[in-house]
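What follows is each chain in one-letter form.
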Amino acid sequence: PLPEETRRVLLLAAAEPVGDVPLLWRAAELLGIGADAVGPAQAAGLVEIGARVRFRHPLVRSAVYRTSSLPERREVHRALAEATDPVVDPDRRAWHRAHATATPDEAVASDLERSAGRAQGRGGLAAAAAVLERAAELTPDPATRAERSLAAAEAKLDVADATSAMELVGAAVL
């Protein structure tokens, strides 16, 4: 029984995995949510906002996110992407943009592909594989989608996920 704005700010916090407080407030401002909206959630002991956003328990964060509607989740991811500096944190921005996108979008897919390259460079092979898979899903051009699906399949093999790799190869052939 929390106010609507409180539920929305909790959803923003749940959608931002790092717990970045300044980003939370920039995104909340974009959605027209004031800082006082978090008060009822703090009073109920659901969340603490200090140097980082911390939920009382990981299941609270999960419940907030999973019980929201897909359009609500897309809205908060869109606000978080818009509030994220594309120069300072392009990977987080790309991740939020991908979660805000419902239809194929080449700009988002390209951002994800670049993000995957950076992840691979840091040794984040599993992250790169997941990001490449999403990039392929969001690619509108069939030939480019096939290329990205094959790159994602190769990355999935690098992390010993042969089942997903075969599915991606199958998608590339279609």
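Conventions used here
- Residues numbered from 1 in each chain as written.
- Predicted model: local features only at pLDDT ≥ 70, side-chain atom pairs only at ≥ 80, totals over all residues.
- Heavy atoms only, no water.
- Core = buried A, V, L, I, M, F, W, Y, C linked by side-chain atoms within 4.5 Å.
- Buried < 20%, exposed > 50% of the residue type's maximum accessible area, 1.4 Å probe, protein only.
- Helix = DSSP H or I, 4+ residues; strand = E, 2+ residues; numbered from the N terminus.
- Expected span 1.5 Å × (residues − 1).
- 1 Å grid on protein atoms, 1.4 Å probe; cavity = no way out; pocket = protein on both sides within 12 Å on 5 of 7 lines; lining within 4 Å.
- Points joined across faces, edges and corners; volume = space filled by probe spheres on them.

(A) Inspection of the nonpolar core at higher detail. Core analysis: the largest hydrophobic core is formed by 28 residues, its most contacted members being Leu 10, Leu 12, Ile 33, Val 53, Phe 55 and Val 64. Among the elements of the structure, helix 1 (4-15), helix 2 (21-30), strand 2 (53-55), helix 4 (58-66) and helix 5 (70-83) are those that each provide at least two residues to this core. No other element matches helix 1, which puts seven residues into this core.

(B) Inspection of helix 1 at higher detail. Relative to the 16 Å expected for twelve residues at 1.5 Å per residue, helix 1 spans 16 Å between its end C-alpha atoms, a close match to the ideal helical length. Within helix 1, nine of the twelve residues are buried, leaving the element largely enclosed by the surrounding structure. Of the positions making up helix 1, those classed as buried are Thr 6, Arg 8, Val 9, Leu 10, Leu 11, Leu 12, Ala 13, Ala 14 and Ala 15.

(C) Representation of the layout of surface pockets. Its boundaries defined by the atoms lining it, the largest pocket holds a volume of some 270 Å³. Looking at the largest pocket, it is lined by 15 residues, and the ones nearest its centre are Arg 7, Leu 11, Val 64, Thr 67 and Ser 68. The biggest single contributor to the lining of the largest pocket is helix 1, with five residues. When its volume is computed, the second largest pocket comes out at roughly 210 Å³. Tyr 65, Arg 66, Arg 73, His 77 and His 99 are the residues nearest the centre of the second largest pocket, which is lined by 15 residues in total. Among the secondary structure elements, those contributing two or more residues to the lining of the second largest pocket are helix 1, helix 4, helix 5 and helix 6 (90-100). With four residues, the single largest contributor to the lining of the second largest pocket is helix 5.

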